[in-house]
Each structure stands twice: as structure tokens, then as C-alpha cells.
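# Examining the three-dimensional arrangement
Read off the chains here:
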Amino acid sequence: MDNSKRTVVVTGFGPFGEHTVNASWVAVQELKKLGLGGEVNLHVSEVPVEYQTVQSLVPSLWKKYHPLLVVHVGVSGMATTVTLEKCGRNHGYKGLDNSSFCPDSQCCIVGGPDCINSVIDMESVCKRVTASGLGVTVSVSKDAGRYLCDFTYYTSLYLSRGRSAFVHVPPLEKPYSGEDLGRALQAIIQQMLQLLDQAEEKIHCQQHFH
């Protein structure tokens with residue numbers, strides 16, 4: 001593998017409840033076809049809607065790929081826009097997963113902070129993608145829903161000290177196709193990488209002057 005390339009991991013979820021085809025995984029597969037440009041190694045992974053699998057799979061993705069960024073994508077039946085989630089929350093997990101399981105502690109990481117914010121400025125990503133005239137409406141949220149989406153996001157934020165992102169997509173054709181969602185993910189993640197690059201440059205400049 002070419003080490004000069006940056007690595008990004010993007011996950012989507014498998015089927016659950018009425019979502020027999022999960023729009024998030026369809027969108028991620030469309031993104032995989034498009035890629036993130038020649039400078040980025042893109043790896044995608046389907047995540048089962050199970051708390052215990054998430055607890056082992058998310059750390060294994062970070063360990064295996066050492067990515068610059070991990071972006072988790074989930075479906076929200078209530079969403080009508082592509083929604084960038086600012087933070088993950090540790091407590092309040094009462095909904096049963098596909099194995100009819102829910103953590104006894106009702107939290108992700110016992111003793112972890114209540115809320116962890118992404119290092120990525122989602123408002124800025126939203127503005128940039130909206131200005132690019134993509135034809136897909138993007139919004140920002142502070143509540144990823146206290147189910148597997150939120151659980152996965154918090155776990156990833158905790159492991160990466162905030163170098164994760166979460167994107168909620170609406171169900172397919174409500175109103176966007178899988179291709180539309182794939183294009184939106186590509187634009188969103190490219191903007192996230194630009195912001196991370198700018199933050200890196202700032203740190204290098206500050207180190208240079210001290």
C-alpha cells in the first residue's frame with residue numbers, strides 16, 4: 001500500500017426494522033464506485049446493527065487501517081436532508097438491537113465523557129457543500145438519536161479523540177437516490193479532508209514560530 005496516500009474508512013449499516021435495504025450502505029457502496037480522488041485510499045465496511053459487534057468492529061477498523069478519518073453513515077427514517085452530526089453521546093441506550101440486546105449500563109464507555117464533539121467543524125462543511133451547488137440539501141444536528149448510529153459514533157470519537165464524523169441519510173428515494181447520496185458523501189468527505197489539512201497546516205505554522 002502506498003503510504004504517501006491518506007486512508008479514509010467509511011462505514012454503512014446493515015438492514016434493521018423496516019429498513020430491509022439500508023440506504024446508508026447503498027450510499028457508501030455508491031461512494032466506493034466514485035472514490036475520493038487519487039490521493040486517498042478509501043476502505044468501506046458494512047456494520048451490523050448490533051451493539052456488541054460495534055464494540056469489536058470499530059476498534060478493529062482503527063487498528064487495521066490507521067485512518068486519517070473514519071466516517072460512519074446511518075439511515076434516519078425522519079431525515080429529509082443529508083445530516084452532519086456534530087457529536088456522539090455516551091448515555092441513554094435503551095433500544096434493542098437486531099439481536100434483541102441492549103447494554104446493561106445503557107452507555108457506550110463506562111466512565112467516558114457524556115458527549116464527545118468531532119474535531120471537524122460540521123457547520124463549515126455544511127456551508128461549503130451547500131455552496132458547491134450539489135443539488136442535495138445538507139444540514140447539521142447535535143443529536144444522533146441514541147441508537148446504533150449514536151453508539152457507533154461515540155465509540156469512534158472516543159477511540160480517535162474526535163477524528164470521526166457521522167452522516168445521517170434519508171431512506172432511498174425520500175427524496176434522493178443512492179447515486180445522489182453517494183455524490184453527497186463524496187463532496188462532504190472531501191470537504192472534511194480539506195478542513196483537516198488546513199488544521200494540520202495551522203499546527204505546523206504555530207510549531208514553526210515557537
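Analysis parameters
Residues numbered from 1 in each chain as written. Predicted model: local features only at pLDDT ≥ 70, side-chain atom pairs only at ≥ 80, totals over all residues. Heavy atoms only, no water. UniProt positions renumbered as here; feature names shortened; annotations may be inferred. 1 Å grid on protein atoms, 1.4 Å probe; cavity = no way out; pocket = protein on both sides within 12 Å on 5 of 7 lines; lining within 4 Å. Helix = DSSP H or I, 4+ residues; strand = E, 2+ residues; numbered from the N terminus. Buried < 20%, exposed > 50% of the residue type's maximum accessible area, 1.4 Å probe, protein only. Contact = heavy atoms within 4.5 Å.

In the nomenclature of an unreviewed UniProt entry, the protein corresponds to Pyroglutamyl-peptidase I from the organism Zoarces viviparus. As recorded by UniProt, the Catalytic activity (unreviewed entry) comment attached to the protein reads in full: "Release of an N-terminal pyroglutamyl group from a polypeptide, the second amino acid generally not being Pro." Checking UniProt for the protein, the heading Function (unreviewed entry) contains the comment "Removes 5-oxoproline from various penultimate amino acid residues except L-proline."

## Notes on the UniProt feature "active site" (unreviewed entry) in the protein
UniProt feature "active site" (unreviewed entry): in the numbering of this structure it lies at Glu 85 and Cys 149. A maximum C-alpha distance of 10.0 Å is found for the annotated residues, which run over 65 residues; spatially they form one tight group. Of the residues annotated just before, the largest pocket has Glu 85 and Cys 149 among its lining. Take Glu 85: it is sitting in strand 4 (residues 82-85). Classification of Glu 85 as buried rests on a relative accessible area of 2%. When near neighbours in sequence (up to four residues on either side) are disregarded, Glu 85 contacts Met 122, Ser 141, Lys 142, Asp 143, Ala 144, Tyr 153, Phe 166 and His 168. Along the chain, the position of Cys 149 falls in helix 4 (residues 148-160). Accessibility expressed as a relative area gives 11% for Cys 149, which makes it buried. Look past the residues within four positions of Cys 149 in its chain and what remains in contact with it is Phe 13, Gly 74, Val 75, Ala 144, Phe 166 and His 168.

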